[in-house]
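Residue-level structural notes
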Amino acid sequence: MADTCVQVLLGSGLTVLSHPLMYIKVLIQVGHEPLPPTLGRNLFGRQVYQLPGLFAYAQHIIRIDGKVGLFKGLGPRLCAGTIGTLVHGRVVQVSCARRCGTPEELLHQETGQARVLTTREMLARSCATIVTHPFHVITLRCMIQFIGRETKYSGVLDSIVTVYREEGVLGFFAGLIPRLLGDVFSLWICNLLAHFLNTYAIDESMSHTGEIRNCSQAVTGFFASMLTYPFVLVSNLMAVNNCGLAGGLPPYASVYPTWVDCWRHLSREGNMSRGNSLFFRKLPAGKLYAVEQKRFF
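Summarised in this report is the structure supplied together with it. Note that the structure is a prediction, hence the values are computed from the model and not measured. (Residues numbered from 1 in each chain as written. Predicted model: local features only at pLDDT ≥ 70, side-chain atom pairs only at ≥ 80, totals over all residues. Heavy atoms only, no water.)

**Some remarks on the nonpolar core**
By size, the foremost hydrophobic cluster in this structure holds 38 residues, and its most contacted members are Ile 24, Leu 27, Ile 61, Ile 144, Cys 262 and Leu 266. Counting only elements with at least two residues in this core, the list comes to helix H1 (2-29), helix H2 (54-65), helix H5 (111-148), helix H9 (229-240) and helix H10 (259-269). The biggest single contributor to this core is H5, with eight residues. Contacts of Leu 27, omitting those with residues within four sequence positions, involve His 32, Tyr 57, Ile 61, Met 143, Ile 144, Phe 146 and Ile 147. (Core = buried A, V, L, I, M, F, W, Y, C linked by side-chain atoms within 4.5 Å. Buried < 20%, exposed > 50% of the residue type's maximum accessible area, 1.4 Å probe, protein only. Helix = DSSP H or I, 4+ residues; strand = E, 2+ residues; numbered from the N terminus. Contact = heavy atoms within 4.5 Å.)

Structure, rendered in structure tokens:
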């Protein structure tokens with residue numbers, strides 16, 4: 001119980017610190033570009049036109065809504081983080097009770113046991129994602145209200161009532177399928193790559209083996225998140241699509257019948273990585289910037 005409380009408190013603290021970054025990333029994902037391109041330098045020192053990065057975007061939000069404006073949607077996101085931690089821990093605890101050994105012990109056993117551990121983690125994450133997805137949807141919709149200056153989603157309880165009244169139960173799970181797929185693929189890619197690296201590339205006789213293993217886990221996690229980013233993008237867009245807010249309607253977004261249609265449209269437009277980078281953001285190829293609508297066409 002004490003460990004769970006520590007995890008909740010630590011997770012809540014990290015959520016608060018990282019919230020402005022997620023807020024800006026979501027606005028970029030839906031295509032909102034309030035600042036025109038500026039002349040800057042890329043990583044190689046060449047002068048190129050770039051889109052405003054994280055800090056310029058944050059300053060723009062502060063000028064309009066103040067520093068508090070960087071934390072829109074924080075309430076439902078904290079709810080999602082707390083509930084997700086509790087559900088994840090409970091599922092892991094129940095699954096461990098049905099099999100001998102703790103998760104730490106299984107890590108040092110053969111490949112078959114590693115697969116069992118990965119499957120267990122996949123089940124725990126999936127359960128936590130499903131339970132907390134309604135709060136994730138509300139978080140995203142609170143964020144994109146910045147685009148149209150709406151106040152439709154103002155609090156957790158009021159937002160729950162609004163979603164249920166307008167879209168029913170299914171509205172709480174908009175974008176769930178691509179999010180689940182992304183989580184599952186990311187977990188398996190990360191763990192499989194880490195397993196092969198730890199088994200075939202890292203020798204037990206090497207010094208600082210533990211640090212090397214931790215580093216390999218971090219690298220594979222970063223690589224897996226890059227590969228599965230399109231699922232995150234599509235999930236977030238579907239969560240706000242056609243929800244009555246300016247950021248989820250044309251011209252910022254087409255109305256997609258399914259998440260597959262959203263994926264195909266983004267792929268055709270070359271926007272599968274939109275919002276993936278918050279620094280050194282290059283201009284979209286073949287697109288023109290519309291000053292009044294604050295987006296590219």
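On we go.
**Considerations on the side chain of His 133**
Within the element layout of this structure, His 133 appears in helix H5. Residue class for His 133 comes out buried when judged on its relative accessible area of 0%. If we skip the residues at most four places from it in the chain, His 133 touches Phe 172, Phe 173, Ala 174, Gly 175, Leu 176, Arg 179 and Ser 235.

**Focus on the packing of H1 against H2**
Helices that pack against each other are described as a pair by the angle of their axes relative to one another and the distance between those axes. Closest axis-to-axis distance for the H1/H2 pair is 10 Å, and the angle between their directions is 95°. Regarding the angle of H1 to H2, the classification is roughly perpendicular. Between H1 and H2, the residues in contact are Leu 21, Tyr 23, Ile 24, Leu 27 and Ile 28 and Leu 54, Tyr 57, Ala 58 and Ile 61, respectively. Residues of the contact of H1 with H2, tallied by class, amount to nine nonpolar, no polar and no charged. (Axes fitted to C-alpha atoms, helices over the stretch in contact; angles between N-to-C directions. Parallel < 35°, antiparallel > 145°, perpendicular 65-115°, else oblique. Nonpolar A, V, L, I, M, F, W, Y, C, P; charged D, E, K, R; others polar.)

**Looking at the environment of Pro 36**
Mapped onto the elements, Pro 36 comes out in the loop between H1 and strand S1 (38-41). The spacing of Pro 36 and Leu 51 is 15 residues in sequence and 6.9 Å in space, taken between C-alpha atoms. Beyond its immediate sequence surroundings of up to four residues, Pro 36 is in contact with Pro 52 and Tyr 289.

**Quick notes on the packing of aromatic side chains**
A full pass over the atoms with the stated rule returns five aromatic pairs. Taken together, a centroid distance of 6.4 Å and an interplanar angle of 85° make the contact between Tyr 23 and Phe 146 edge-to-face. Here Phe 146 lies in helix H5 and Tyr 23 lies in helix H1, a separation of 123 residues in the sequence. A residue is classified by how much of its surface remains accessible, and Phe 146, at 3% relative accessible area, is buried. What links up through ring pairs into an aromatic cluster is the set Phe 185, Phe 231, Trp 259 and Trp 263. (Phe/Tyr/Trp six-rings, centres within 6.5 Å; stacked < 30°, edge-to-face > 60°.)

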